[in-house]
Amino acid sequence: MERAKEDKDIVVLCSDSRGSASMTPFAERFPEQFVEVGIAEQNLVSISAGLAKCGKKPFAASPACFLSTRSYEQAKVDCAYSNTNVTLIGISGGISYGALGMSHHSAQDIAAMSAIPNMRVYLPSDRFQTAKLIEALLQDEKPSYVRVGRNAVEDIYTEDNCPFEMDRATVVCEGSDAAIIACGEMVKPAVDAAKLLEKEGISVSVVDMYCVKPLDKKTIIQAAEHAKLVVTAEEHAPFGGLGSMVSQVVAQECLKKVVNLALPDAPVITGNSREVFDHYGLNAEGIAKTIKENL
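Thresholds applied
- Residues numbered from 1 in each chain as written.
- Predicted model: local features only at pLDDT ≥ 70, side-chain atom pairs only at ≥ 80, totals over all residues.
- Heavy atoms only, no water.
- Helix = DSSP H or I, 4+ residues; strand = E, 2+ residues; numbered from the N terminus.
- Rg over C-alpha atoms; globule rule 2.2 N^0.38 Å.
- Buried < 20%, exposed > 50% of the residue type's maximum accessible area, 1.4 Å probe, protein only.
- Contact = heavy atoms within 4.5 Å.
- Areas by Shrake-Rupley, 256 points an atom, 1.4 Å probe, with all protein chains shown as cover.
- Lys, Arg positive; Asp, Glu negative; His and termini not counted.
- Charge placed at Lys NZ, Arg CZ, Asp CG, Glu CD.
- Pairing = 2+ DSSP bridges.
- Axes fitted to C-alpha atoms, helices over the stretch in contact; angles between N-to-C directions.

Before going further, it helps to examine the overall build of the protein. Tallying secondary structure elements over the protein gives 13 helices and twelve strands in all. Relative to a compact globule of 295 residues, whose C-alpha radius of gyration would be 19 Å, the protein shows 19 Å and is just as compact. Overall size of the protein, expressed as C-alpha extent along the three principal axes, is 55 × 35 × 35 Å. Looking at the protein as a whole, 54% of its 295 residues qualify as buried. Here the analysis covers contacts within the protein between residues at least 6 apart in sequence; of these, 78% occur between residues at least 24 apart. With an accessible surface of roughly 13,000 Å², the protein has 51% of that area assigned to carbon and sulfur atoms. Put simply, the protein has 29 plus and 39 minus side-chain charges, and the middle of one group is 2 Å from the middle of the other.

Reading across from one edge, 2-1-3-4-6-5-10 is the order of the seven strands in this open sheet, with mixed pairing throughout. Each end of this open sheet is capped by a strand with a single partner; those strands are strand 2 (34-36) and strand 10 (211-213). Averaged over neighbouring strand pairs, the angle between their axes works out to 20° when direction is ignored. In terms of strand pairing, strand 4 (residues 87-91) meets strand 6 (residues 144-147) through four bridges, oriented parallel.

The values reported here are purely geometric and, on their own, carry no functional implication.
Here it is as structure tokens:
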């Protein structure tokens, strides 16, 4: 908010009432820096790219399921190919729309957006890291895609202790038996799994890979070299996401077993985020069980 007050070039655009509702405080305070384009995600991205070419710093917010698919060509051509200063924010990412089902889930967006040359992809894990990331994105002029969930999540960091370096993963804790590499909402259950396993004498490191692209290969290699097993956890389909990327790096650099925890290659069950995660073992207990079975 304060940055927008200082910098009038910051503009927020939304594609429909759901995006607008989440941005109501901003819209009320800065009406001349807020635009709602209606249910028109392709227009949202192209208008944002046009504003960027006029010297503005646009943040385009829309449900991740539509932003990453319906406006894919505009994200590719108008933002990435044209190297425009646009931050695409996919709200209600992953399966956080719950009962609305597969049409509203964005379980392929990491793979899709990462496949676009010149498009960066970020999945912050809590509110403090999200704030640090947005501050960093305000300082550059390159296109990016940021996926955030719909519901509040537990804090991993604190206001006074949130280590952040642009495009470098954060090592939350270190261990020698297994390494969990997670992104987005999967980081908290990964941290909780490490705590559960510590009580059983199993030492686990946790890497918060908020920067899926560019991928922090150096931190992946370091984590893998100091562990017997690597486990990835993501709120995404099993193909083309964080698990695939980490597996590729480990296979090239240090041969260790990699187990990928992800959503299934099938329509996800109906339920809220917690119920879905519990069903597929994408929770602390499920991650801990996977590690014990594979060590």
